[in-house]
Amino acid sequence: MSDLNKLTIVQAYEGLKKKEFSSVELTKACLKQIKKRNQDLNAFISVFEEEALEEAKEADKKIKAGKQEMLTGIPFCVKDAICTKDRLSTAAAKILDNYIPSFDATVIAKIREQGAVLIGKNNCDAFGHGASNENSMYGPVKNPHDLTCVAGGSSGGTAAAVADHMCIFGIGEDTGGSIRQPASLCGIVGLRPSYGRNSRYGSMPMASSMDTVGPLTKTVEDAAIVEEIIAGHDVLDATTVNEKVAKFSKSLSKLSKKLRIGVPKEYFELEGTEEETKNIIESKIAELKKNKNIEIVEISLPMTKYAIPVYYIVVPSEDSSNLGRIDGIRYGVRKEAGNLYDTYAKTRAQGFPEEVKRRIMIGTYALSAGYYDAYYRKAQKVRTLIIQDFDKVFAEVDLIVTPTSPFSAFKIGEKKDDVLAMYLADVFVCPANVAGLPAISVPAGKTKAGLPVGLHIIGPRLGEEKVFQLAQLVIPTAPGAGRDPF
Ligand code: GLN
């Protein structure tokens, strides 16, 4: 069988079960695609060819023994800011250049326990800071649909790798859109779960009150499958909720009642949103309106215009605290300077890229005595108002839809030096993080230039099931696997 790398999880599972191909063959097909395309895309920082083939052999034995689980033998990739046991995990920053964790992040352990094959670690914006992948110290990731454009960020390498069929699915991290925005720009599905749904143990912390870990996949069904495997309480992450996890993949087409969907008027009046993006999203909403199980209503979320300013105070503040532990003494590029203080200063100065240093400085300032009340405390108060805005709306509607990104993939270099323009890329995605809500990006169409545009669905806290159900309605087939719906 050719093009095995183009399969979805469901298709790969079926093929492995029927012995149409082996995990070794499936893994080789992915490795072949990586060899062919990674030079252009720069989606991987590490590729574990030998280890992956060993893991695939083990998976084939497991399948032969009749012990196949959903992800057994299926190749996947992981953002480099998530720890993987005995595998380099750099967070795309030189300060962790040679860091090899002695443990797997909890979500990775759950996936590997099923016998999935870890094929490589993905390039990303360093420590998750960015929306274009240009803040990686390993060079930018290119968009598989147009090599002159960005793949989005910060999980851009993972999105590009899945979109380009270098592996079957990926795991990313989302603090302010880092799963959904690159998924949108690369034309795949990306889920940010509710805060507390999935363990973040082993995901390098950026802003602990907003960080989440989630799947990037070719279909909604695949995202639901991965999510139901990785979700759940973890004693190693005190923020995880102890709630039963539903079988999301089994209820995708089971809408129990009519869905009321809110379209926030403020989101469509935003200056700077690309006309084509707006048109694609509006025609998708018009299409949904025709479904008798869906009612579209206009809603208002007046406080969400403050989501970006709140996000860019709270996140740098938590960043400055979290990144204080990265000192370059045990791992990474260390710059000796005669005394301990200067060694720290020089090591951190050269080991972090500019954007990370900017966040640390803004955060340190916002938390400092005299400014704490004016910035950090005030931002936290406004955060509460944003949460209340969403709570009010979710008393009236089941879900909210918006564009994922105000624009399709932009040119590499276009926004790199304009920090505020880059922060605005997060305008539709970061409110969900500020409020702790689940949200997904699904492909909704392509611009005339052939660049993907994503539709963004936000649900109430722990409302992943409904989010998946609407997502499945929007895109029932895989954009990959030779079944491009556009
Ligand atoms: N663009 C966001 C930022 O730079 C993305 C963060 C994230 O989700 N990791 O903060």
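Fair warning: this is a prediction, and the values are worked out from it, not measured in the lab. Along each chain, residue indices are assigned from 1 in the same order as the chain's sequence is written. For this predicted model, a pLDDT threshold of at least 70 governs which residues receive local features, and a threshold of 80 or more governs which side-chain atom pairs are given and counted, while totals over whole chains, interfaces and linings are taken from all residues. Where side-chain values are given, they derive from all heavy atoms of the structure, hydrogens and water being excluded.

A. Molecular detail of the confidence of the model for the chain. Per residue, pLDDT captures the predictor's confidence, and it can take any value from 0 to 100. Of all residues in the chain, 98% attain a pLDDT of 70 or more, and the chain-wide mean is 95. Residue contacts follow a heavy-atom distance rule, with two residues in contact if any of their heavy atoms lie within 4.5 Å. Counting contacts from residues 479-486, a segment whose pLDDT is below 50, to residues more than four positions away or on other chains yields 23 contacts.

B. Focus on the site of the ligand. If a single non-hydrogen atom of a residue is within 4 Å of a molecule or strand, that residue counts as near it. Taken together, 16 residues lie near the ligand, and T175, G176, S178, Y311 and R359 sit nearest. Under the rule applied, a polar contact is a pair of N or O atoms within 3.5 Å (in protein, one hydrogen donor and one hydrogen acceptor; residues adjacent in sequence only if both atoms are side-chain atoms). Separating a nitrogen atom of the ligand from a side-chain N or O atom of S154 is a distance of 3.5 Å. D426 places a side-chain nitrogen or oxygen 2.9 Å from a nitrogen atom of the ligand. Taking 300 Å² as the accessible area of the ligand by itself, protein coverage stands at 99%. Comparing atom positions with the cavity grids shows the ligand to sit within the largest cavity. Each residue is assigned to one of three groups, with Ala, Val, Leu, Ile, Met, Phe, Trp, Tyr, Cys and Pro labelled nonpolar, Asp, Glu, Lys and Arg labelled charged, and all others, Gly among them, labelled polar. For the shell around the ligand, a count of residues per class yields 4 nonpolar, 8 polar and 4 charged. Here, Shrake-Rupley sampling with a 1.4 Å probe gives the accessible areas, and only protein chains in the shown set may cover a residue. As defined here, a cavity is a set of points on a 1 Å grid over the protein atoms alone where a 1.4 Å probe fits but cannot get out. A pocket is an open set with protein on both sides within 12 Å along at least five of seven lines, and residues line them when an atom is within 4 Å of a point. In this description, a molecule resides in a pocket or cavity if more than half of its atoms sit within 2 Å of the grid points defining it.

C. Broad picture of a nonpolar patch on the surface. Patch membership needs two things, relative accessible area over 30% and no salt bridge, and members are linked within 9 Å if like-charged or within 5 Å if nonpolar (Val, Leu, Ile, Met, Phe, Trp, Tyr). The rule for a salt bridge is simple: a side-chain nitrogen of Lys or Arg has to be within 4 Å of a carboxyl oxygen of Asp or Glu. Residues Y201, V235 and L236 make up a contiguous nonpolar surface patch of about 310 Å² in total accessible area. Exposed residues in this analysis have more than 50% of their type's maximum accessible area, buried residues have under 20%, and partly exposed residues fall in between, with area computed by a 1.4 Å probe over protein chains only. Given a relative accessible area of 30%, Y201 falls into the partly exposed group.

D. Structural view of the environment of M303. Position of M303 among the secondary structure elements: in the loop between strand 10 (294-299) and helix 10 (307-322). Taking the C-alpha atoms as reference points, M303 and V429, 126 residues apart in sequence, are found 14 Å from one another. Dropping the residues within four chain positions of it, M303 is found in contact with V382, L385, I386 and D389. Here a strand is any run of E in DSSP of at least two residues, a helix any run of H or I of at least four, and the numbering for each starts at the N terminus.

E. Highlighting the packing of aromatic side chains. A pair of Phe, Tyr and Trp rings is counted when the ring centres sit within 6.5 Å of each other, with Trp represented by its six-membered ring. The angle between the planes then sorts it: under 30 degrees is stacked, over 60 is edge-to-face, the rest tilted. As enumerated under the stated definition, the model contains 14 aromatic pairs in all. An aromatic cluster is built from Y311, Y312 and Y423, whose rings are joined through pairwise contacts. Here K94 stacks its cationic end above the ring of Y138, 4.3 Å away from the centre of that ring. Its guanidinium or amino end placed over the ring of F410, K415 lies 5.0 Å from that ring's centre, counting from NZ or CZ. Charge-over-ring contacts are defined here by two conditions on Lys NZ or Arg CZ: a distance within 6 Å of the ring centre and an angle within 35 degrees of the ring normal.

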